[in-house]
Amino acid sequence: QQPVQSPQAVILREGEDAVINCSSSKALYSVHWYRQKHGEAPVFLMILLKGGEQKGHEKISASFNEKKQQSSLYLTASQLSYSGTYFCGTRLTGANSKLTFGKGITLSVRP
Amino acid sequence: SQTIHQWPATLVQPVGSPLSLECTVEGTSNPNLYWYRQAAGRGLQLLFYSVGIGQISSEVPQNLSASRPQDRQFILSSKKLLLSDSGFYLCAWSVGAMGEKLFFGSGTQLSVL
């Protein structure tokens, strides 16, 4: 079950904030966030395992609302280096659940 | 430290030709290994994963196959490529629980013409 990411694309100026969302129609065990720069491999950002959990990476943080089956990625005071495609991956509750990625969101930070 | 090697970086193949992409991991034992394909607008699609030598699980029916002849070697193959096989292929590894913290290789851009 592929998670749904929104919005489809984000364009912002350096120093602005942005929020990227990831939602599932099924109960989630975990949410994983990765960032991929053009032509490169995706790089792990963070995993969220518990309902209501928040984590941070640099000035990027994320929340996981287990009840709503949603996660949001918060980019604060964005830097040019934040540009790339952000993927969320989700694992459903239940044995043998596989990590399934969304289609990704392209984020462009401009000077 | 652990590293993952994937080659070739770029490949152009005619329709109907065979394919072999190789991935090796160093610095860890008994990793979980994965092949993903990334097509435009479709995100990261899991093709195969392996939890051990000779153990391959397929996620998507297609004309591709995977093999794991050694603990840290994962090979993606096809006997006859289709146009629809074009895409960016990524190998990844993890340790511990399935799907936890993936480390991706640099990828292979495959163009089938």
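Before any of the text, the structure's been laid out above.
Residues numbered from 1 in each chain as written. Chains lettered and ligands numbered in written order. Predicted model: local features only at pLDDT ≥ 70, side-chain atom pairs only at ≥ 80, totals over all residues. Heavy atoms only, no water.

Requested: an account of the overall build of chain B, with residues and values cited.
Looking only at helices and strands, chain B has zero helices and 11 strands in total. Going residue by residue from the N terminus, the α and β elements of chain B occur as β-β-β-β-β-β-β-β-β-β-β. Against the compact-globule benchmark of 13 Å for 113 residues, chain B has a radius of gyration of 13 Å, which places it among compact chains. Taken over the C-alpha atoms alone, chain B extends approximately 40 × 25 × 20 Å along its principal axes. Taking contacts inside chain B between residues at least 6 apart in sequence as the whole, the part at least 24 apart equals 55%. When the accessible surface of chain B is totalled, it reaches about 5,100 Å², and 55% of it is carbon and sulfur. Between the averaged position of the 7 positive side-chain charges in chain B and that of its 6 negative side-chain charges there is a distance of 6 Å. (Helix = DSSP H or I, 4+ residues; strand = E, 2+ residues; numbered from the N terminus. Rg over C-alpha atoms; globule rule 2.2 N^0.38 Å. Contact = heavy atoms within 4.5 Å. Areas by Shrake-Rupley, 256 points an atom, 1.4 Å probe, with all protein chains shown as cover. Lys, Arg positive; Asp, Glu negative; His and termini not counted. Charge placed at Lys NZ, Arg CZ, Asp CG, Glu CD.)

Which residues make up the environment of Trp33(A), and what values do they have?
Residues and elements named next belong to chain A. Mapped onto the fold, Trp33 is located in strand S4 (residues 28-36). Of the residues examined, Trp33 reaches a relative accessible area of 0% and is grouped as buried. Between the C-alpha atom of Trp33 and that of Asn21, which follows or precedes it by 12 residues, the distance is 11 Å. At 3.0 Å, the side chain of Trp33 forms a polar contact with the side chain of Ser71. (Buried < 20%, exposed > 50% of the residue type's maximum accessible area, 1.4 Å probe, protein only. Polar contact = N/O pair within 3.5 Å; in protein donor to acceptor, adjacent residues only side chain to side chain.)

Go over the pairing of S4(A) with me, naming the residues and quoting the values.
All names here are of chain A. Most of S4 is tucked away: eight of the nine residues are buried. Where S4 meets strand S9 (residues 84-92), eight bridges bridge the pair, whose relative direction is antiparallel. Looking across to S9, one finds that Val31 is bridged to Thr90. One ladder, built from five bridges, connects S4 with strand S5 (residues 43-48); its direction is antiparallel. Its bridge partner lying in S5, Val31 is registered against Leu48. (Pairing = 2+ DSSP bridges.)

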